[in-house]
Amino acid sequence: MTHFDTIVVGAGISGATTARILHDAGRRVVVLEARDRVGGRVWTVRAGGSTLDVGASWIHGIDNNPLADAVHAFGIRTAEFTVGSYQPDGRPIAYYSPTGARLSDAAAARFSADVHDFDEGFARTIADSSPRTSFGDAVDATLGRLDWDSDRLDRVREFLGHRAEEQLGVGQEDLDAHGLDDDAIDGDEVVFPDGYDELALRLTEGLDVRLGHVVTRVHWGDDGVVVTTAAGSFSADRAVVTVPIGVLKSSDFTVEPSLPEPVSGALDRLSMNAFEKVFLRFPIKFWDENVYAIRQQGEAGRWWHSWYDVTLDGRPTLLTFAAGPCAQETRHWSDERIAESVLESLRGVYGDRVVAPDGVHVTRWQDDPFSYGSYSYMTVGSHCRDHDDLATPIGGVLHLAGEATWTDDPATVTAAMKSGHRAAERILQRPVPFHEIWSPLDR
């Protein structure tokens, strides 16, 4: 059995960051990756002349962000595309009423003002909420203090429900009231016209990455770790496990001895979401000019309520999300059935202007055996500290890392990189400037 200084389980951005730092510090590191590619939930599909980031798409805020610094240092091309945490304004948005009529600029501005007014009271509600308060309960409590007519209340209530779904892929009744406490963006957001996967490829250059190595068991003890795969077992002084929590909580992946507190409790309280992307490419553009998003209010937008114009390569493309309850209910639908459901909603807005797509791509992260979902969220009763508690070092030999283990901005690639950086620092027992990830002295 080959022995290493460190085994990193998973070649996503978190694992790649950890391994990059340790390798450049002279440690003997092996990365065991179940997939036939690096990147994990950063996955770019190239087909028919299009480049689609079917996993992570954005850097959410480039100011003071080491992820953005890495992308810039590697010379990876980006394009500004600021979504703004599902905010009601800030970018040109075409709003459509429950009857399918486009809101005037004045009406859209009034609606946006209502959301901003609600958000101010909502922050106070969450700060004062008792344990085990759901996001939906906090929404209802805040709306109950507003002297608005039923239509204004309904529009804001549904908007907040869509915010929970689109931000974290979960219905508002299943999300803890504090689940979006970190919902803030510093600076512009950017996407990747040539594909986000270039970041993973650059981070793993020169590393010992073993693809197709599905880890089934991690045994840890005073003398180190043994990691079992179908391709054989590997031993090391320590291991950094970066698999998504959907895998950690599955029967496919065993940690022995069992994870201790506070790690185990944090893992129990966090969960994997239901969130899928639906890309539709069209031969022509039939939607509103000069907008980055189209939003449908009312029951007609219960599932498909927001479409984003992601035409980055000249081919007219809309992106929408099957999120939370929608993702769960459409989970076993065919791509064709999902596309037709989306198109039917678009016809409610644009009528006969809607044309048949010439390309459809639907993600299936819920059924991916190496993730079982897209990213993590806080269940009702969880605590913000659960993210950091999940990364508590175990026995001096085992570390967990990944987007779910970072408190400030979980569920992001930024969180994945920062958590991998933290794991490496703990192993090396010294600070590591972020710039060493992309500009080590010996490379």
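One can find the structure itself at the top, above this paragraph.
For every chain, the first residue of the written sequence is number 1, and numbering continues from 1 onward in sequence order. It should be noted that, the model being predicted, local features are given only for residues of pLDDT at least 70 and side-chain atom pairs only at 80 or more, the latter also being counted only at that level, while totals for whole chains, interfaces and linings use all residues. Excluding hydrogens and water, the side-chain figures rest on all heavy atoms present in the structure.

Draft legend 1. Seen up close, the overall build of the chain. Counting from the N terminus, the helices are the DSSP runs of H or I reaching at least four residues and the strands are the DSSP runs of E reaching at least two. From N to C terminus, the chain includes twelve helices and 20 strands. Our radius of gyration is a C-alpha quantity, and the globule rule it is checked against amounts to 2.2 Å times the number of residues to the power 0.38. Taken over C-alpha atoms, the radius of gyration comes to 22 Å for the chain, in line with the 22 Å a tight globule of 443 residues would show. Remark: exposure states derive from per-residue accessible area (1.4 Å probe, protein chains only) relative to the maximum for the residue type, with buried under 20%, exposed over 50%, and partly exposed in between. Across the 443 residues that make up the chain, the buried fraction comes to 60%. In the chain, once contacts between residues fewer than 6 apart in sequence are set aside, the share between residues at least 24 apart is 74%. Note on contacts: a residue pair qualifies if any of its non-hydrogen atoms lie within 4.5 Å across the two residues.

Draft legend 2. Summary view of the sheet that holds strand β16 (residues 306–309). Spatially, six strands are ordered β6-β15-β16-β17-β14-β18 in an open sheet, and the strand pairing comes out mixed. Lying at the two open borders of the sheet, with one neighbouring strand each, are β6 (93–96) and β18 (359–362). Strand-to-strand, the axes of this sheet are offset by a mean angle of 20 degrees, without reference to chain direction. Paired strands are those between which DSSP finds at least two bridges. The pairing of strand β15 (residues 293–296) with β16 spans three bridges and is classified as antiparallel. Directly across from Ile294, in β16, lies its bridge partner Trp307. An axis is simply a line fitted to the C-alpha atoms; with a helix, the fit covers only the stretch in contact. Between two such axes, the angle follows the N-to-C directions and lies from 0 to 180 degrees.

Draft legend 3. Spotlight on the nonpolar core. Buried residues of nine kinds, namely Ala, Val, Leu, Ile, Met, Phe, Trp, Tyr and Cys, make up a nonpolar core once their side-chain atoms join them within 4.5 Å. Phe81, Phe122, Phe135, Leu160, Leu168, Leu175 and Tyr308 are the most contacted members of the largest nonpolar core, which has 45 residues in total. Within the residue set of this core, elements represented by two or more residues are β6, α3 (105–128), α4 (135–143), α5 (150–168), β14 (275–281) and β17 (317–323). The biggest single contributor to this core is α3, with seven residues. For Leu160, the residues in contact, after removing those within four places along its chain, are Phe118, Phe122, Phe135 and Val139.

By themselves these figures say nothing about function.
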